[in-house]
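Chain by chain, the residues run as shown.
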Amino acid sequence: MFVCTGYAAQDATTPLAPFTFERRDPGPLDVVIEITHCGVCHSDLHAVRNEWGNTLYPCVPGHEIVGKVTAVGAQVTRFRVGDTAAVGCLVDSCRTCENCRDGLEQYCARGGTGTYNGKDRVSGGHTFGGYSSHIVVTQDFVLRVPDSLDPAAAAPLLCAGITTWSPLRHWKAGPGKTVGVVGLGGLGHMAVKFARALGAKVVLFTTSPSKVEDGARLGAEEVVLSADAKAVAAWRSKLDLIIDAVAAPHDVNMYLNLLKRDCTLVQVGAPDRPLPVNVFSLLPNRRSFAGSIIGGIAETQEMLDFCGANNIVADIELIPIQDIEKAYERMLKSDVKYRFVIDMTSLPRAA
Ligand code: NAP
Ligand code: ZN
Ligand code: ZN
């Protein structure tokens, strides 16, 4: 075991604070990464405040991790000391169930091991995430970041990126399709960038008048203020796919009504309360209301390579870890343009 420093929540109401803990020494297939950057996902906030009711404390959040490899186990073939490496929302899974064999580790029948708040398959106890100095991960769950990408701006690709990429690919966003994106936050802004890069026409729905210009700059052909019922209704039965990335309770029926025949609204945002669906939003046009969780490891690498080839990263604001609570408060006010990323050099080495 070796000592790491990080930031942790000790319970649902106390601010995050410096925390010292141990990680396992690298086994034969493990990669040790010194973390340089970690994105701040709204899921971190849901978790530290126990909004989903399943948080294990102390909780060290963070699953948008980029860093440098500082050690590798004897049998590691895919990474060398000094490489830039990344870790997303999963650090392990059973690897034998049908979903794992299909490369869909996020749907592992025995439960994938979350990067934080997961049951640690190797060391026991629960996993600690990327608001920390180092992480130890088996090589099959470590990703490569294309050299051309800025590591800080690439970090959010590991969750916000893959969570929007996966449904866009699965539901075949591309030329000739019109994709609606609801909510311009960390996930939403990646959905806009990806849908556009895949060749679709993008319509953004936002609650924030201050984001209209950015929506267009990021790739939306039309930006609709969701408070403007008439402007929303103008899109009735016109969209091929909707990615809803809103973190709070809201009316999904308003958006379901915008789907064409046989089309799907994919809920990726995960509010802590149910989203009531009126069946009369679904019956016309044989519409579907679906969900999607992050993405598999191979798919995550495919997304990172696509970003390398197309020069796509997140729009970020770099923060020192000491500002994490301020960042959470701004996130709650939808005031993130469009992802906070922690500069891990700000982490006190001795907590
Ligand atoms: P975020 O940066 O806070 O963005 C959420 C956006 O939702 C806001 O920027 C805002 O956009 C909109 N919004 C917020 N409150 C709203 C309200 N009351 N009504 C309508 N719109 C509202 O969050 P994020 O990191 O992108 O995460 C979004 C959600 O996805 C979270 O619930 C998170 O836990 C979840 N998530 C799910 C997965 C998955 O695997 N499915 C993965 C990662 C995250 P506008 O200002 O444009 O309206
Ligand atoms: Zn996330
Ligand atoms: Zn499995």
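As annotated in an unreviewed UniProt entry, the chain carries the name NAD(P)-dependent alcohol dehydrogenase and is attributed to Camelimonas abortus. Taken directly from UniProt, the Sequence similarities (unreviewed entry) text for the chain runs: "Belongs to the zinc-containing alcohol dehydrogenase family." What the UniProt record of the chain gives under Cofactor (unreviewed entry) is the line "Zn(2+)".

Undergrad: How would you sum up the coordination of the zinc ion (ligand 3)? Please name residues and give values.
TA: Protein coordination at the zinc ion (ligand 3): the donors are Cys94 (SG), Cys97 (SG), Cys100 (SG) and Cys108 (SG), at 2.3 to 2.4 Å from the metal. Metal-centred angles of 103 to 121° between the four donor atoms at the zinc ion (ligand 3) mark the site as tetrahedral. Sequence spacing of the donors to the zinc ion (ligand 3): C-x2-C-x2-C-x7-C. Within this pair, whereas cysteine 97 is found in the loop between β6 (90-92) and α2 (98-101), its partner cysteine 108 is found in the loop between α2 and β7 (113-114), the two being separated by eleven residues in sequence. Of the two residues, cysteine 97 and cysteine 108, both sit in the buried class.

Undergrad: Help me get a handle on the nonpolar core, residues and values and all.
TA: Residues Tyr131, Leu157, Leu168, Val179, Phe194 and Ile324 are the most contacted members of the largest nonpolar core, which totals 92 residues. For this core, the element with the most residues is helix α5 (residues 186-197), which contributes six residues. Counting residues in hydrophobic clusters, the runner-up holds 17 residues, among them Val232, Trp235, Leu258 and Cys263.

Undergrad: Before we move on, could you go through the sheet that holds strand β11 (residues 201-206) and cite the residues and values that matter?
TA: With parallel pairing, six strands are arranged side by side in an open sheet as β12-β11-β10-β13-β14-β15. Only two strands of the sheet have a single neighbouring strand rather than two, namely β12 (222-225) and β15 (288-291). Mean inter-strand twist for the sheet, computed between neighbouring axes without regard to direction, equals 20°. Inspection of the sheet shows strand β10 (residues 178-182) paired to β11 by five bridges, in the parallel sense. Across the sheet, residue threonine 178 finds its bridge partner in β11, namely lysine 201. This element, helix α4 (residues 160-170), spans β10, β13 (239-244) and β14 (259-267) of the sheet and lies at about 160° to β13.

Undergrad: Break down the environment of proline 15 for me, citing the residues and quoting the values.
TA: Mapped onto the secondary structure, proline 15 falls in the loop between β1 (2-8) and β2 (17-23). Along the primary structure proline 15 and isoleucine 324 are separated by 309 residues, whereas in three dimensions their C-alpha atoms are 9.0 Å apart. Dropping the residues within four chain positions of it, proline 15 is found in contact with Ala8 and Glu325.

Undergrad: Can you explain the pattern of salt bridges? Please cite residues and give values.
TA: Counting across every chain of the model gives 19 salt bridges. Of the charged contacts, one joins arginine 24 and aspartate 30 as a salt bridge, the two residues approaching to 2.8 Å between their closest N and O atoms. Its relative accessible area of 15% is what places arginine 24 among the buried residues. Its salt-bridge partner being arginine 95, residue aspartate 92 comes within 3.0 Å of it at the nearest N-O pair. Relative accessible area serves as the criterion here: at 9%, aspartate 92 is assigned to the buried category. When salt bridges with common partners are traced through the structure, they connect Lys193, Asp214, Arg217 and Asp315 into a single cluster.

Rules behind the numbers
- Residues numbered from 1 in each chain as written.
- Chains lettered and ligands numbered in written order.
- Predicted model: local features only at pLDDT ≥ 70, side-chain atom pairs only at ≥ 80, totals over all residues.
- Heavy atoms only, no water.
- UniProt positions renumbered as here; feature names shortened; annotations may be inferred.
- Donors = N, O, S within 2.8 Å, 3.2 Å for Na, K, Ca; no water.
- Tetrahedral: all angles 85-135°; square planar, octahedral: opposite > 155°, others 65-115°.
- Helix = DSSP H or I, 4+ residues; strand = E, 2+ residues; numbered from the N terminus.
- Buried < 20%, exposed > 50% of the residue type's maximum accessible area, 1.4 Å probe, protein only.
- Core = buried A, V, L, I, M, F, W, Y, C linked by side-chain atoms within 4.5 Å.
- Pairing = 2+ DSSP bridges.
- Axes fitted to C-alpha atoms, helices over the stretch in contact; angles between N-to-C directions.
- Contact = heavy atoms within 4.5 Å.
- Salt bridge = Lys/Arg side-chain N within 4 Å of Asp/Glu carboxyl O.

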